[in-house]
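A look at the structure
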Amino acid sequence: MELLYEKFIRKIEQTQLNFTRSILDKIHWNARLIGIRGARGVGKTTLMLQYIKKNLPIDQSTLYVTLDNIWFANNTLSDLTDQFVKRGGKYLFLDEVHKYPNWSQELKNIYDDYPNLKVVFTGSSLLELLNARSDLSRRAILYTMQGLSYREYVNLTKRLTVPEIKLEELLEDHVTIAREINSKLKPLEHFTNYLKSGYYPFFQEIPELYYNRVEEVINLILEIELPLLRKVDVGYIPKLKQLLQIIAESVPFIPNVSKLSERIGINRNTFISYLYFLQEANITRNLYKDAKGITQMQKPDKIYLENSNLQYVFSPFHANTGNVRETFFVNQLSYKHLVEYAPEGDFLVDHTFTFELGGKTKTNRQIKNTPKSFIVADDLEYGMENIIPLWMFGFLY
């Protein structure tokens, strides 16, 4: 156990506090059992370590461990917890819980057996966490973490503190808000860089290796997490990568499931299931005409990559501009809002607002008779009336 403490102290010493994610202040850290799920690389580990460094004593009462540590080859989580509590432990942080067998049952037992212990755990974005919550539904508070928003990206790179904007405020007063933001920075100056390489927080570490690292993240999800947690046949992984490249180059991608399943050589129902798993793993974002009660066997009406950076990983020279715009919009809004395939325009948000996306010369011809409809235009610093600059939707979280 001393070895785990040593590793924890080394990690804390290397943890920087010059920039923290907004979600840090939204988590109810006083809860006894907290889960944080999200795709690899979005910053879950850093978030926990920053919270510890900012708020907790670095002594015997606090411990961070990753559950893929070799220590757990001969020791159980229950044993660790028992030793930790007996030594005065109060705050236990568990990383990568999905890599530990029977984690859900042991966490349930820990919650019941140690009422004075607070536990925070992180895990894969796959639904494994949600399925396991059946045992923890009355105990755990679960949060989902995304990569950096455009707002967080500029705050990090320019050392700013631009606040979040609520969607309703943006729609009602976007000209005033754009004026305030433009007084602090030139948002279009940094927007292209964000779309290409600003979503994952590790973009600053070794910039020239950014795409290699993102590719490693995707490969780990496709080749390890999906087969392990969703029983995806590893023989189909190269075909799924081919599908992701097609999505990246499309305008945007409207799937013909029958043709695609035949091309990949997999039956239609299995193929639809795999599309569902790709969204669960935060590799794609599937859009439906009616997103109420989505099932694993429901065919999506449109498919996007989860964020625009992935388009430059799968298609660095042929990423479609219109697809990049729509991917950004869907990614930034889906975190807090319901985004659906629209009968008119491109997107219907929260069953209320219709949005049509395009370049700065985009007109409202397609939505002129649609109530509560807006043009979202790229390459604009300021909008007017119902025309809103695309970059502004990156300030919603």
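Predicted model, so just to flag it, every value in this text is computed and none were measured.

We now examine the side chain of Lys44. Looking at the secondary structure, you find Lys44 in helix α2 (residues 44-55). Buried Lys44, no salt bridge; nearest opposite-charge side chain is Glu96, N-O distance 6.0 Å. Among the polar contacts listed, one links the side chain of Lys44 to the backbone oxygen of Gly38, at a separation of 3.0 Å. The contacts of Lys44, once residues within four sequence positions are left out, are Ile36, Arg37, Gly38, Ala39, Thr122, Gly123 and Met145.

Before going further, it helps to spend a moment on the sheet that holds strand β9 (residues 347-349). The sheet built from five strands is open, its strands ordered β8-β9-β10-β11-β12 with mixed pairing. On the outer flanks of this sheet lie β8 (339-341) and β12 (387-389), each paired with one strand and no other. Here the average twist between neighbouring strands, direction ignored, is 35°. One ladder, built from three bridges, connects β8 with β9; its direction is antiparallel. The partner of Tyr341 across the bridge, within β9, is Phe347.

Taking 1.5 Å per residue as the helical rise, helix α14 (residues 321-334) with its 14 residues ought to reach 20 Å, and the 20 Å between its terminal C-alpha atoms agrees with that figure. Among the 14 residues that make up α14, twelve are buried, leaving the element largely enclosed by the rest of the structure. If you check which residues of α14 are buried, you get Asn323, Val324, Arg325, Glu326, Thr327, Phe328, Phe329, Val330, Asn331, Gln332, Leu333 and Ser334. Sitting at the amino-terminal end of α14 is Asn320, which places a side-chain oxygen 3.1 Å from the backbone nitrogen of Gly322.

Counting across every chain of the model gives 28 aromatic pairs. When the centroid spacing of 4.9 Å and the interplanar angle of 85° are considered together, the rings of Phe191 and Phe328 count as edge-to-face. Pair noted here: Phe191 is in helix α8 (residues 187-197) and Phe328 is in helix α14, with a separation of 137 residues, a long-range link. Residue classification places Phe191 among the buried residues on the basis of a relative accessible area of 3%.

The next thing to look at is helix α7 (residues 167-182). With 16 residues, α7 extends only 18 Å from end C-alpha to end C-alpha; this falls clearly short of the ideal 22 Å at 1.5 Å per step. Within α7, the axis deviates most sharply at Asp173, by approximately 100°. Turning to α7, its buried residues number three or more, namely Leu167, Leu170, Leu171, His174, Ile177, Ala178, Ile181 and Asn182. Elements that come into contact with the buried residues of α7 comprise α8, α14, β9, β10 (353-358), β11 (373-377) and β12.

Calculation criteria
- Residues numbered from 1 in each chain as written.
- Predicted model: local features only at pLDDT ≥ 70, side-chain atom pairs only at ≥ 80, totals over all residues.
- Heavy atoms only, no water.
- Helix = DSSP H or I, 4+ residues; strand = E, 2+ residues; numbered from the N terminus.
- Buried < 20%, exposed > 50% of the residue type's maximum accessible area, 1.4 Å probe, protein only.
- Lys, Arg positive; Asp, Glu negative; His and termini not counted.
- Salt bridge = Lys/Arg side-chain N within 4 Å of Asp/Glu carboxyl O.
- Polar contact = N/O pair within 3.5 Å; in protein donor to acceptor, adjacent residues only side chain to side chain.
- Contact = heavy atoms within 4.5 Å.
- Pairing = 2+ DSSP bridges.
- Axes fitted to C-alpha atoms, helices over the stretch in contact; angles between N-to-C directions.
- Expected span 1.5 Å × (residues − 1).
- Phe/Tyr/Trp six-rings, centres within 6.5 Å; stacked < 30°, edge-to-face > 60°.
- Bend = angle between axes of the 7 residues up to and from the residue.

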